[in-house]
Amino acid sequence: MKKHPYQNPTGVPAYTGLLLISPFIIGAVIFTVYPFVCSFILGMTESSISRELRFTGLKNYAEMFRSDSFRNALSVTVKYALILVPLKLIVSLLTAMLLNAEIKGMRFFRTAFYLPSILGSNLAVVIMWQYLFKSKGLVNQLLGLCGAAPVSWYGDSRYALFIIVLLRLWEFGSTMLIFFTALRDIPSEYYEAARVDGCGAVRSFFSITLPQLKNVIFINLVLQTIAALQEFNAPYMITGGNPMKSTYTIGMLIYDEMFAYSDIGSANAVSWVLFAFITLTVVILFRITGRLREEKI
Amino acid sequence: MKKYISLIAACCTMTLFSCGSNKQSSVTPPDGGLDKCTLRFSWWGGDDRHEATLAAIDRWNELHPDITIKPEYGGWDGWTEKVSTQINGGTEPDIMQINYDWLITLSPDGKGFYDLNELDKFLDLSGFDNDTLSFGMIDGKLNAVTVSICGRGLFYNSEIFRRLGQDYPSTWDELIALGKPFGEKGYYPLDLDIQSGSTAWYLAVVYVQQQTGKEFITMDGKLGFTVDDIISALEFYKTLEENHVTRTIRTRTDEDGNAALYQSAEFINGNIAGVLEWGSAVGKYESVLPDGVLEAGPLLGDGNGNTSGWLIKPSLMYAVSRNTSHPDEAAAFLDFLLNDASCAEILGTTRGIPASRFAEEAFEKSGSLTGLAQESDSLFEQIDTVTISPYMELSRMKEFYNTAIEKISYDSADIPTAAQELYDSAEKYLEKIRK
Amino acid sequence: MKKLPAYILLIMTAAVMLYPLLWLIGASFKSNSEIYSTAWFVPEHFDFSVYKKAWQTGTGHSLGKYFFNTFMVILPKTLFAVLSSVLVAYGFARFDFPMKKFFFALLMGSMFMPAVVTVMPLYLMWSKLGMLDTYIPLTLPSLFACEGMFVFILIQFFKGVPKEFDEAARIDGCGTLRTLFYVLLPCIRPAVVTISVFTFLWTMNDFLTPLIMINSTEKYTLALALRTSVDSTGQGYEERKIIAMSVLGLIPSVTVFAAAQKKFVSSMTAGGLSG
C-alpha cells in the first residue's frame with residue numbers, strides 16, 4: 001500500500017530519474033534494441049550462402065535443437081560456468097582480503113596480481129599454459145615427484161575443461177578488484193569493535209565482511225555468470241574446443257557459425273537461445289538473492 | 001542475402017542519411033579513358049608483403065597520378081571476419097586479395113564479385129592459361145584471378161633422416177615402413193593434425209585419389225568419393241597411426257596443446273620429422289629449424305609410376321568489388337598488379353610464384369626463383385595434380401573431416417560409422433550450399 | 001614478524017602471476033625456435049635492436065603512431081563511459097520513475113547478447129551514417145552508457161551509500177546534480193576509478209570491433225597493429241619483434257593500473273563521515 005507511486009526525495013519530480021537515465025534510453029534504442037531486432041529477424045532467415053533471400057521462420061531453431069553440436073556446446077558451457085563461477089568468487093575474495101592488508105610494498109603486489117588480466121590473450125599466456133599442462137609439462141613433473149601418474153590434460157575430454165577454468169581463475173583481476181574496492185569501504189572501526197568483543201578473524205569475516213560485501217558478491221556473481229556463459233576466448237586460445245568437443249562452448253559455436261561457416265542465420269538463432277538462457281539464469285539469481293540483499297531495484 | 005541485411009538495416013536505422021558515395025566527378029579523362037579517382041585496395045599478409053605491396057602502389061601512383069590507390073591491409077587474424085562484414089554491408093574495397101574458399105562463401109552464385117570478363121578492355125588475361133582462369137569462374141562469371149598456385153607437399157627435417165640413416169620415402173609403403181626405425185628412437189616421420197589445416201584428412205584424400213582416380217569433391221561441389229572410398233581414407237589414416245608414422249590425435253594434443261606444428265617443441269627439437277604443407281606457407285616451419293634443414297620430399301606414389309592425386313590450389317586471388325564505381329580503373333590497376341614487369345619485380349614472391357606468364361617471365365629474368373617453395377613447385381610440375389575444389393576448403397567441411405579423424409583416433413567410433421557420418425553430413429551440407 | 005607468512009604467500013603468488021610477463025620480456029630477445037621450445041625466460045642473447053625494429057613495426061607506420069591512435073580512442077571513451085555511467089546509475093539507484101523496471105531489464109539484457117551478433121547491424125548503421133573508418137563508432141556509444149556492466153556496478157555501489165547523505169545535502173540546499181558530484185561521487189570514488197581502469201584496459205585489448213570499423217592502416221589502434229605483421233597462413237614472421245611490440249604496448253596499461261591505486265580510497269572511509 002504505497003501512498004505515492006514514486007518515492008523520490010522530497011521535492012524531486014518524477015521525471016528527474018528519467019532525465020538522468022535519458023542517455024541510456026537513447027543509447028539502448030540505438031545500440032541494443034536496433035541490433036537485437038536485426039538479429040532476431042536474421043535468426044529466422046536462411047542467410048547462409050543461398051541465392052534467394054529466404055524467410056524460414058523457426059527452421060534455424062529447429063535445426064539447432066536437433067544438432068548434437070549445439071546440445072554438446074550447451075552442456076559444456078553450463079558445466080564450465082558451474083565450476084568456474086563459485087571458484088572464481090572465492091579465490092577473488094580471499095585474494096582481495098589479502099591485498100587489503102596494510103603492509104609495505106602492497107602496491108607492487110596489487111599490480112602483480114592484476115597483471116594476468118592485463119595480459120589477456122597474449123601469446124605468453126598460451127605458451128605458459130602449454131608448458132604447464134602438456135604431457136611432459138611442469139604439472140605432470142610435479143605429480144611425478146609425488147608419485148602420481150601423469151595426467152593427459154589437453155588430450156583427455158575429462159580434464160581439458162579444467163585447464164581453461166584454471167586460466168580464468170588465474171585471470172581473476174577484475175573480480176578481485178571489485179571486491180577490493182568494496183573492502184576498502186568497510187570502516188575499520190567495525191573490526192576493532194569486534195576485536196574488543198572477542199571475535200576471532202573467522203567470526204568477524206562471517207559477521208562483518210560477508211554482510212558488508214553482499215552487494216558486490218551479487219555484482220560479481222551476476223557478471224561472472226554472464227561472462228562464463230558467453231565464454232569464447234579462453235577455449236579458443238588454449239584448446240580450440242578439443243578434445244572431442246569437450247571444451248567447445250556456445251560462444252565458440254556462435255563465432256564459428258557467424259564467421260567460419262558464414263551461416264548468419266544460425267549464428268543469430270543460437271545467440272537468441274543463449275540470450276534466453278542467460279536471462280533465465282540471471283532472473284533466478286535476482287530472485288534467490290533478493291531476500292538476502294533486502295532490496296529491490 | 002546482402003541486400004536483405006541492408007534492407008533490415010534500412011528499416012531499423014534512419015535511412016535519411018544516404019551512403020557517402022566515393023564517386024568523384026571526373027575532371028578530365030587523363031589516362032586514355034580512365035577517370036580521376038581513388039581506389040581502395042585491401043590485402044592481408046606479413047611485413048614483407050606489406051612493404052612490397054606499398055612499394056608497388058607507389059610505383060603505380062608514379063605512372064598514374066590520377067588514380068590514387070588507398071591501401072588497406074592487416075594480418076590474417078580476423079581478416080576473413082572483416083572482409084565478410086564489409087561484403088555483407090556492401091562497403092568492401094574496390095580491389096581485394098581474397099582466399100580461394102571465399103568464392104563459395106562470399107559469391108555462391110557468381111554475383112558476389114565483379115565479373116572480370118566484362119573488364120577485358122583494361123585487364124589483359126592472356127597471360128593465364130584457361131585452367132588457371134577457371135579457378136575463379138563461377139556460373140560463367142570470372143569472379144577472381146589467380147595470383148599464384150601452390151601444391152600441398154611433404155617437407156622433412158633432413159637432420160633426423162640423416163641421423164637415422166633413412167632416405168625420404170617415395171611410396172606410401174616406404175612411408176609406413178619408416179614408422180619402425182623412427183619409433184625405436186622415439187621419433188615420428190610425419191605430423192598430421194586436425195587443426196584448421198586438416199592435414200590428416202588431406203593426406204588420406206591424396207592416397208585414395210591416387211588409388212581410385214576420383215576426386216574427393218568435384219569443382220562444382222559434389223562428393224566424388226563413395227562411402228567405401230571414405231572408409232579407405234580413414235583406414236589409411238589409422239594405418240599410419242598404428243605403424244607409428246604419426247602421433248595419435250591424443251598424443252599430439254597432449255604434447256602440443258592447441259599449437260600449430262611450427263610452434264611445437266616436439267618439432268623444433270627434432271622429434272617430428274615431417275609435415276604436409278602448402279608451398280606458400282612452408283616458411284614458418286623453415287624458420288624454426290636451422291638454415292637449410294627443412295627439405296622438400298618426393299610426392300609419394302604407388303611404386304608403379306602412379307603419382308597422381310596430389311592437391312594444388314590457387315594460394316591467393318584478386319577480386320574486384322561488384323559495388324565499385326570505377327570498374328575500369330580497378331581493372332587497370334589489377335592488370336598492373338598481375339602483368340606489369342616492374343610491379344612483378346617489386347612484389348617478388350611475396351604472394352607466391354606468379355601465375356601470370358608475363359609476370360613470371362619478368363621474374364625469371366631477375367633470376368631469384370629459389371627456395372623451398374620453388375622446389376616444391378617444381379615437384380608438382382612433374383606429376384598429374386588435382387586442383388582442389390573450393391568446397392573442400394570450407395571450414396564447415398574441415399570440421400566434418402576433423403571430427404571423423406578424431407573419432408577413429410580416439411576409438412570412439414569405428415571406421416564405417418565415422419565414414420558414414422562424414423559422408424552424410426558432407427552430402428547434406430554440400431547440397432545446402434549448392435542450391 | 002606476524003606479517004611474515006603473509007609476505008611469503010604474497011611473494012610466491014606474485015611469482016606465478018608475474019612469470020608470464022618476465023617470459024614475455026625475455027622472449028623479445030629470442031629466435032622463433034627458442035620462443036616455442038623453452039619455457040625458461042632468460043634468452044640466449046640480448047639484442048636490444050629488436051626494440052628499435054618494434055618501434056618501426058614494419059607495417060608502414062611507427063609504433064608511436066599506433067599509440068597516438070589508441071589514445072585518441074581510449075581517452076574520449078573512458079571519459080564518456082564514466083560520465084554517462086555515473087549519471088545513469090545515479091538515476092537508477094536514487095530515483096523512482098515510470099517504467100523503471102523495464103529500463104533496468106533493458107540495461108541487464110544488453111549484457112546478455114554475445115557481441116559478435118551485434119557487430120554486423122552496428123557496422124551497417126555506421127556505414128549508412130558514413131562514419132566508418134573514423135573513431136566515432138568506437139567512442140560515441142560510450143556517451144550513452146552502453147556498457148550495462150558499468151552502470152550495474154555503480155548502481156550497487158550507490159546503494160551502499162546511506163540515503164541520509166543525500167538528505168543532509170538537500171537540507172544544505174544542494175540540487176540533484178550537486179548532491180551527486182559533491183556528496184555521492186566522492187563516496188563511490190573507488191568504484192568510479194575501477195570502471196575507468198576497466199575501460200582503459202579493455203579498450204587497449206579490443207580487437208574485433210576496431211578491426212571491422214577501421215579500414216585505414218594509419219588509423220589502426222595498437223591491438224590491431226600487433227597483428228598486422230602476422231600472417232599465419234603464409235610464410236614465417238619474426239615473433240620477437242611482435243613480442244617486443246606487445247611488451248611496449250603493455251606499458252600504458254601497467255602504468256595506469258599502478259597509478260590508479262592511490263585513488264582506491266573513498267571519502268566515506270577516509271573523510272571520517274562514516275557512522
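Just so we're clear, the structure is a prediction, and the values are computed from it rather than from any experiment. (Residues numbered from 1 in each chain as written. Chains lettered and ligands numbered in written order. Predicted model: local features only at pLDDT ≥ 70, side-chain atom pairs only at ≥ 80, totals over all residues.)

Scanning chain B for helices and strands turns up 18 helices and 10 strands. Projected onto the principal axes, the alpha-carbon positions of chain B cover approximately 75 × 50 × 35 Å. Contacts in chain B between residues at least 24 apart in sequence constitute 77% of all its contacts with a sequence separation of at least 6. (Helix = DSSP H or I, 4+ residues; strand = E, 2+ residues; numbered from the N terminus. Contact = placed C-beta atoms within 7 Å.)

What is expected of a backbone is that most residues other than glycine have negative phi and most peptide bonds are trans. Here the residue pair A:Asn242 and A:Pro243 is connected by a cis peptide bond, since its omega of -10 degrees sits within 30 degrees of zero. On the secondary structure map, A:Pro243 appears in the loop between helix H12 (233–238) and helix H13 (250–260). Phi is positive for A:Met244, close to 50 degrees, though the residue is something other than glycine. Structurally, the position occupied by A:Met244 is in the loop between H12 and H13. Within the chain, B:Asp411 stands out as a residue other than glycine whose phi angle is a positive 55 degrees. If you trace the backbone, B:Asp411 turns up in the loop between helix H17 (395–409) and helix H18 (415–434). Owing to 10 C-beta atoms within 10 Å, B:Asp411 belongs among the exposed residues under this scheme. (Buried ≥ 20, exposed ≤ 12 C-beta atoms within 10 Å, placed from the backbone.)

Contacts between the two partners involve 36 residues from chain C, matched on the other side by 41 residues from chain B. The set of elements that each furnish at least two residues to the side of chain C that touches chain B consists of helix H2 (32–37), helix H6 (115–128), helix H12 (208–213) and helix H13 (222–228) of chain C. At 7 residues, H6(C) tops the list of elements feeding residues into the side of chain C that touches chain B. Taken together, the residues of the side of chain C that touches chain B break down into 15 nonpolar, 18 polar and 3 charged. (Nonpolar A, V, L, I, M, F, W, Y, C, P; charged D, E, K, R; others polar.)

Our next topic: the nonpolar core. Core analysis: the largest hydrophobic core is formed by 295 residues, its most contacted members being B:Phe333, B:Leu334, C:Val151 and C:Leu154. The leading source of residues in this core is helix H4 (residues 63–94) of chain C, at 13 residues. Here C:Leu154 is in contact with C:Ser85, C:Val86, C:Ala89, C:Ile188, C:Ala191 and C:Ile195, once residues within four sequence places are set aside. (Core = buried A, V, L, I, M, F, W, Y, C linked by C-beta atoms within 7 Å.)

Counting residues at the interface gives 74 residues for chain A and 76 residues for chain C. Secondary-structure elements contributing two or more residues to the side of chain A that touches chain C are helix H1 (15–42), helix H4 (106–119), helix H5 (123–133), helix H8 (173–184), helix H11 (214–229), H13 and helix H14 (264–293) of chain A. If you tally residues by element for the side of chain A that touches chain C, the top one is H1(A), at 19 residues. Looking at the side of chain A that touches chain C residue by residue, the class counts come to 51 nonpolar, 18 polar and 5 charged.

It is worth spelling out the domain arrangement of chain B at this point. All names here are of chain B. When its domains are assigned, chain B resolves into domain 1 (2–149 + 314–381) and domain 2 (151–311 + 388–434). For domain 1 and domain 2, the distance between their C-alpha centroids amounts to 32 Å. Within the residue set of the side of domain 1 that touches domain 2, elements represented by two or more residues are helix H4 (102–106) and helix H16 (372–381). With 7 residues, the top contributor of residues to the side of domain 1 that touches domain 2 is H16. The residue makeup of the side of domain 1 that touches domain 2, split by class, is 8 nonpolar, 4 polar and 3 charged. (Domains from an automatic or database assignment.)

All names here are of chain B. In terms of burial, strand S9 (residues 310–320) is largely enclosed, as 11 of its 11 residues are buried. As paired elements, strand S3 (residues 95–98) and S9 share 4 bridges and run antiparallel to each other. Directly across from isoleucine 95, in S9, lies its bridge partner valine 320. Sheet topology places strand S6 (residues 145–157) next to S9; 6 bridges connect them, and they run antiparallel. In the sheet register, serine 148 faces S9, and the bridge partner there is leucine 316. Across 3 bridges, the pairing between S9 and strand S10 (residues 385–387) is parallel. (Pairing = 2+ DSSP bridges.)

Residues and elements named next belong to chain B. Tracing the sequence through the fold places threonine 80 in helix H3 (residues 79–89). For threonine 80, a count of 20 C-beta atoms within 10 Å gives the class buried. For the pair threonine 80 and threonine 212, spaced 132 residues apart in sequence, the C-alpha separation works out to 35 Å.

Residue and element names in this part refer to chain C. Domain assignment breaks chain C into domain 1 (1–47) and domain 2 (48–269). Spacing between the C-alpha centres of domain 1 and domain 2 amounts to 29 Å. Counting residues at the interface gives 10 residues for domain 1 and 9 residues for domain 2. Those elements giving two or more residues to the side of domain 1 that touches domain 2 turn out to be helix H1 (4–27) and H2. The element best represented in the side of domain 1 that touches domain 2 is H1, accounting for 3 residues. A breakdown of the residues in the side of domain 1 that touches domain 2 according to their chemical character gives 6 nonpolar, 2 polar and 2 charged.

We now examine the confidence of the model for chain B. With 91% of its residues at a pLDDT of 70 or more, chain B has an overall mean of 89. In the predicted structure, residues 9–30 of chain B sits below a pLDDT of 50 and forms 30 contacts with residues beyond four places in sequence or in another chain. (pLDDT = per-residue confidence, 0-100.)

Residues and elements named next belong to chain B. By the secondary structure assignment, aspartate 191 is in the loop between helix H7 (172–184) and helix H8 (199–212). Judged by local crowding, aspartate 191 falls into the buried class, with 24 C-beta atoms found within 10 Å. Once the C-alpha coordinates of aspartate 191 and isoleucine 272 are considered, the two residues, 81 residues apart in sequence, prove to be 6.5 Å apart. Here aspartate 191 is in contact with Thr246, Leu261, Phe267, Ile272, Gly274 and Val275, once residues within four sequence places are set aside.

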